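Report on the structure
If you want the building blocks of each chain, they are given just below.
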Amino acid sequence: MHTPVGFNPGHVRPESLAAATLAFAFRGDKLLVSSAADAPTLPDFSTSQRLAPGEAIHYLGELDGVACVTIALGDDAPEPAGWRYAGLRSLFFKLPEPLIAIAQRAFQVVEWERTHRYCGRCGTPTRDKDGERAKECPRCGYTAYPRVTPAMMVLVTRGRELLLARSPRFPPGMYSALAGFVEPGETIEDCIRREVREEVGIEVTDIRYFASQSWAFPHSLMIAYNAEYAGGELCPQESEIAEARWFAYDAVPDLPPSISISRRLIAATIERLAKEAV
Ligand SMILES: [Zn+2]
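This structure is a prediction, so every number in the text was calculated from the model and none was measured.

**Quick notes on the nonpolar core**
- Counting residues in each nonpolar core, the largest one holds 31 residues, and the members touching the most others are Phe24, Phe26, Leu31, Leu60, Cys68 and Leu91.
- Top element by residues in this core is helix 3 (residues 97-115). It accounts for ten residues.
- Not counting the four nearest positions on each side in its chain, leucine 91 is found in contact with Leu31, Val33, Pro40, Arg84, Ala86 and Ile100.

This is the structure in structure tokens:
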């Protein structure tokens, strides 16, 4: 996910919200949408507040001139007739892509709102800080920003072979590139070398940036790379990797869905290797 074309992000809520303001209202991790199964729509702000009022409202910006806000509803918010709460993944390909991208952004703001009500240093209730998207503690001054967690993904190649692995959590038969979270003190390249060594026991070189993707489950920034095998024997770490294998570029197994950056990374690499092979 990325910032959609036509979206102008902002955090300062206008004095008044226009009637057409789009509301991204979340009960838990589920978004309030109309109950039409194939083409659900979002409520405008006043409809959303009438259906299921929420107090924690954050301004997100404008999409093609239409204001967007996100609202954290309580766990006991009602499900009004004609509306339902839907998981974001279930809305892929049903809501237009710009709205899915803003919904992921909105969810990360809601998640931050819910998990930063109290100061992490002294326990005092926090308040919204003027001028930026931040919570501040009125007692000790501690400031907390929305959390974004960097993670790396790397597709290792060995000549025309791709290293693909299965997490124990994957659906049967599906393989993907390796991934892991960046630790304090690491560059992303450090993280790639460490994770590849820990997860499959090999060394890599020629680390090259591919692309990045925001991923709201719950607040990751996935940064994807290619790398080339440099030595060692495959030795998967049992707790993290169910299986890891080298696959010929023209004989790969089931891959993650096309919305994920892993699929784009693998597809682009296969295309490059296919071109190099002719
Ligand atoms: Zn404090």
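**Remarks on helix 5 (residues 261-277)**
- Between its first and last C-alpha atoms helix 5 spans 24 Å; for 17 residues at 1.5 Å apiece the expected length is 24 Å, and the two agree.
- Residues of helix 5 that are buried make contact with strand 10 (149-158), strand 11 (161-166), strand 13 (203-215) and strand 14 (220-231).

**Topic: the packing of aromatic side chains**
- Taken as a whole, this structure holds five aromatic pairs when the rule is applied.
- The interplanar angle of 55 degrees and the centroid separation of 5.5 Å between the aromatic rings of phenylalanine 26 and phenylalanine 107 together place this pair among those described as tilted. Note that phenylalanine 26 is positioned in strand 2 (residues 22-27) and phenylalanine 107 in helix 3, a separation of 81 residues in sequence.
- Relative to tryptophan 246, the ring of tyrosine 229 has its centre 5.5 Å away and its plane inclined at 85 degrees; by these criteria the two rings are edge-to-face. Highlighted residues: tyrosine 229 in strand 14 and tryptophan 246 in strand 15 (residues 243-248), separated in sequence by 17 residues.
- Judged by relative accessible area, which is 23%, tyrosine 229 ranks as partly exposed.
- Across the ring face of tyrosine 229, the terminal group of arginine 158 is positioned such that the distance to the ring centre comes to 5.5 Å.
- The positively charged end of arginine 166 is found above the aromatic ring belonging to tyrosine 175, 5.9 Å away from the centroid.

**Some points on unusual backbone geometry**
- Positioned with a positive phi, aspartate 64 is a non-glycine residue whose angle comes to about 50 degrees.
- Its location among the elements puts aspartate 64 in the loop between strand 4 (56-63) and strand 5 (66-73).
- Although it is not a glycine, phenylalanine 93 adopts a positive phi angle of roughly 70 degrees.
- Here phenylalanine 93 lies in the loop between helix 2 (88-91) and helix 3.

**What to know about the sheet that holds strand 4**
- Here we have six strands laid out as an open sheet, ordered 1-4-5-2-3-6, and mixed in their pairing. With one partner strand each, in any of the chains shown, strand 1 (7-9) and strand 6 (83-87) form the two edges of the open sheet. The mean inter-strand angle of the sheet, taken between neighbouring strand axes irrespective of direction, is 35 degrees.
- The sheet contact formed by strand 3 (residues 30-34) and strand 6 spans five bridges and is antiparallel. Of the residues in strand 6, the one forming a bridge with lysine 30 is glycine 87.
- Lying over the sheet, helix 3 contacts strand 1, strand 2, strand 3, strand 4 and strand 5, oriented at roughly 50 degrees with respect to strand 2.

**Side note on the coordination of the zinc ion**
- Surrounding the zinc ion are the protein donor atoms Cys119 (SG), Cys122 (SG), Cys137 (SG) and Cys140 (SG), which sit 2.3 to 2.4 Å from the metal.
- Here the zinc ion binds four donor atoms, and the angle range of 99 to 120 degrees at the metal identifies the geometry as tetrahedral.
- Each donor residue of the zinc ion lies on one chain, and together they are spaced C-x2-C-x14-C-x2-C. A residue pair is termed long-range when its members are at least 10 positions apart, and cysteine 122 in the loop between helix 3 and strand 7 (127-128) and cysteine 140 in the loop between strand 8 (135-136) and strand 9 (143-144) qualify at 18 residues.

**What to know about the pattern of salt bridges**
- In this structure the tally under the stated criterion is 15 salt bridges.
- A salt bridge links glutamate 271 to lysine 275; the nearest nitrogen and oxygen atoms lie 3.8 Å apart. Placement of the pair is glutamate 271 and lysine 275 together in helix 5, with a separation of four residues, close to one helical turn.

So, how was this worked out
- Residues numbered from 1 in each chain as written.
- Predicted model: local features only at pLDDT ≥ 70, side-chain atom pairs only at ≥ 80, totals over all residues.
- Heavy atoms only, no water.
- Core = buried A, V, L, I, M, F, W, Y, C linked by side-chain atoms within 4.5 Å.
- Buried < 20%, exposed > 50% of the residue type's maximum accessible area, 1.4 Å probe, protein only.
- Helix = DSSP H or I, 4+ residues; strand = E, 2+ residues; numbered from the N terminus.
- Contact = heavy atoms within 4.5 Å.
- Expected span 1.5 Å × (residues − 1).
- Phe/Tyr/Trp six-rings, centres within 6.5 Å; stacked < 30°, edge-to-face > 60°.
- Lys NZ or Arg CZ within 6 Å of the ring centre and 35° of its normal.
- Pairing = 2+ DSSP bridges.
- Axes fitted to C-alpha atoms, helices over the stretch in contact; angles between N-to-C directions.
- Donors = N, O, S within 2.8 Å, 3.2 Å for Na, K, Ca; no water.
- Tetrahedral: all angles 85-135°; square planar, octahedral: opposite > 155°, others 65-115°.
- Salt bridge = Lys/Arg side-chain N within 4 Å of Asp/Glu carboxyl O.

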